[in-house]
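Each chain, letter by letter, is given below.
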Amino acid sequence: TVHDHHWKVLRYMPTLYRLVRAMMAERNLRRLNHVTTVSPYMNSLLEKRVNKVAIVPNPVQIRLNELGVKNLIDSRLNSLETGPQFIMINNGWNARKNGKFGLQVFQKFLEDFPNAVLHLVGAGCEPNATAFAEALEMGISGNITFHGVLRQPELFALLERIHFLLHTANEE
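Residues numbered from 1 in each chain as written. Predicted model: local features only at pLDDT ≥ 70, side-chain atom pairs only at ≥ 80, totals over all residues. Heavy atoms only, no water.

## Quick word on the sheet that holds strand β5 (residues 144-148)
Inference 1: Read across the sheet, four strands follow the order β5-β4-β3-β6 without closing on themselves; strand pairing throughout is parallel. The open sheet has two edge strands with one neighbour each: β5 and β6 (164-165).
Inference 2: Summarising the sheet, strand β3 (residues 85-89) and β6 pair through two bridges and their orientation is parallel. Looking across to β6, one finds that F86 is bridged to F164. (Pairing = 2+ DSSP bridges. Helix = DSSP H or I, 4+ residues; strand = E, 2+ residues; numbered from the N terminus.)

Dropping the structure here:
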């Protein structure tokens, strides 16, 4: 399964390790007739090079039963009165992750919902990091919580309060 485009990863992280990984990926792609990928975007990059590409989205683990889902939906709908809660989770803040586009979308949303909150999670999303500087420049940092990297239990606890996920990455 191909998750990332190896040459694009190398362009954003130009290290010897990434160069070797890109060469290995290229070698393997030339040998394969059939691959899977997780998105139409990756499919468009691979279909020119591999005979058969199938899109198989990443699996999602369901942690609630039907009643639990209903209760969660009800509690989130009721909590909208205090302001819609958004989240963006990115491992890095760069053009490949497309975080600035997410900030622009959120800025547009704030025009109609000025009490909305965006939670930024991941490397580059810490207070005073790159994402903070861009949000400050756009004048929306007051509506954003900069969490940075979170452990899985902390992230799952945060996700229970979230209404909307902004997935801006071009790959994955």
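## Some words on the confidence of the model for the protein
Inference 1: Per-residue confidence for the protein gives a mean pLDDT of 86, with 93% of residues at or over 70.
Inference 2: Helix α4 (residues 66-79) is the least confidently modelled element of the protein, averaging 73 in pLDDT, while strand β4 (residues 117-121) averages 97, the highest of any element. (pLDDT = per-residue confidence, 0-100.)

## Focus: unusual backbone geometry
Inference 1: Residue N98 is not a glycine yet carries a positive backbone phi of 65 degrees.
Inference 2: Here N98 is to be found in the loop between β3 and α5 (99-110).
Inference 3: For N98, a relative accessible area of 22% gives the class partly exposed.
Inference 4: Unlike most non-glycine residues, N128 shows phi in positive territory, near 70 degrees.
Inference 5: As for its position among the elements, N128 is in the loop between β4 and α6 (130-138).
Inference 6: Residue class for N128 comes out exposed when judged on its relative accessible area of 65%. (Buried < 20%, exposed > 50% of the residue type's maximum accessible area, 1.4 Å probe, protein only.)

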